[in-house]
Amino acid sequence: MSDRTEFSAQTARRLKRLGEQYRRRHHTELDDFLGGPALKEECGVFGIIGTPDAGALTALGIHALQHRGQEAAGIASFDFDNKVFHNERHLGLVADHFSDAHTLGALTGAAAIGHTRYSTQGDTVLRNVQPLYADLDKFGIAVAHNGNLTNSLKLRSDLVQRGCIFQSTSDSELFLQ
């Protein structure tokens, strides 16, 4: 087993344990009353560059930021050697989807960004989970954003009238246009 594969496997095992601890620690009577977790803030964003295990390290980073958003989590990594992006996005907690070595091993590359979602705009659906990704003429771009674009409806309307096509209802997609 290569060092990178072993690191992904170790990270996956650690995230699985951490996810179980997170659920026990953050489940309260208020959660039962409200029908879900009461602890919510705003999105968490994490990025790293210059290490071959960027995807796995980003999974640990967004797990540490899980309290910032519990609706969804995603990671986009970039493989400089092959000039390709890898993107994993899921509804739910980080540990539910990034705690297996196969998923972490597929996020190859020396750069990655991750995001935990607490929606303030856009529906809670997979197409709104960040990082959002787009192919451009000679390369691609992945975007993870925390915050609100206060003029997003106007900007979106103007861009649609100019022929832009949107894939999500998230204001963050404006950055890709």
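Residues numbered from 1 in each chain as written. Predicted model: local features only at pLDDT ≥ 70, side-chain atom pairs only at ≥ 80, totals over all residues. Heavy atoms only, no water.

Sorry if this is basic, but what is going on with the nonpolar core here?
Looking at soluble globular proteins, one finds that nonpolar side chains tend to be buried together. Listed in full, the 12 residues of the largest apolar core are Ala-12, Leu-15, Ala-54, Ala-59, Ile-62, Ala-73, Ile-75, Val-94, Phe-98, Leu-104, Leu-107 and Ala-112. If you list the elements that add at least two residues to this core, you get helix H1 (3-26), helix H3 (54-64) and strand S2 (72-79). Broken down by element, the residue count for this core peaks at 3 residues, all from H3. The residues contacting Ala-73, other than those within four sequence positions of it, are Ile-62, Glu-88, Arg-89, His-90, Gly-92, Val-94, Phe-98, His-115, Thr-116, Val-129 and Gln-130. (Core = buried A, V, L, I, M, F, W, Y, C linked by side-chain atoms within 4.5 Å. Buried < 20%, exposed > 50% of the residue type's maximum accessible area, 1.4 Å probe, protein only. Helix = DSSP H or I, 4+ residues; strand = E, 2+ residues; numbered from the N terminus. Contact = heavy atoms within 4.5 Å.)

Before we go on, may I ask you to explain the sheet that holds S2 in this structure?
The pairing of strands in a sheet happens through backbone hydrogen bonds and is either parallel or antiparallel. Strand order in the open sheet formed by 4 strands is S1-S4-S2-S3, and the pairing between neighbours is antiparallel. Across the chains shown, the open sheet's two edge strands, defined by having one partner strand only, are strand S1 (44-49) and strand S3 (84-91). Averaged over all pairs of adjacent strands, the angle between strand axes in this sheet comes to 10 degrees, irrespective of strand direction. Bridge count for S2 against strand S4 (residues 111-117) is 7 bridges, and the pairing is antiparallel. Considered in S4, the bridge of Ser-77 is made with Ala-112. This element, H3, spans S1, S2 and S4 of the sheet and lies at about 25 degrees to S4. (Pairing = 2+ DSSP bridges. Axes fitted to C-alpha atoms, helices over the stretch in contact; angles between N-to-C directions.)

What is the right way to look at the pairing of strand S5 (residues 132-135) in this model?
The two faces of a sheet get side chains in turn, since along a regular strand they alternate between them. Of the two faces of S5, the one lined by Leu-132 and Ala-134 is fully buried and the one lined by Tyr-133 and Asp-135 carries no buried residue. Bridging between S5 and strand S6 (residues 140-143) involves 4 bridges; their strand directions are antiparallel. Bridged to Leu-132 within S6 is Val-143.

Would you mind showing me how to read the environment of Thr-5 here?
Among the secondary structure elements, Thr-5 is positioned in helix H1. Taking C-alpha positions, Thr-5 is 8.8 Å from His-102, a pair spaced 97 residues apart along the chain.

Hey, could you run me through the environment of Arg-4 in this one?
Among the structural elements, Arg-4 can be located in helix H1. Placed 100 residues apart in sequence, Arg-4 and Leu-104 show a C-alpha to C-alpha distance of 9.9 Å. When near neighbours in sequence (up to four residues on either side) are disregarded, Arg-4 contacts Pro-52, Asp-53, Leu-104, Gly-105 and Thr-108.

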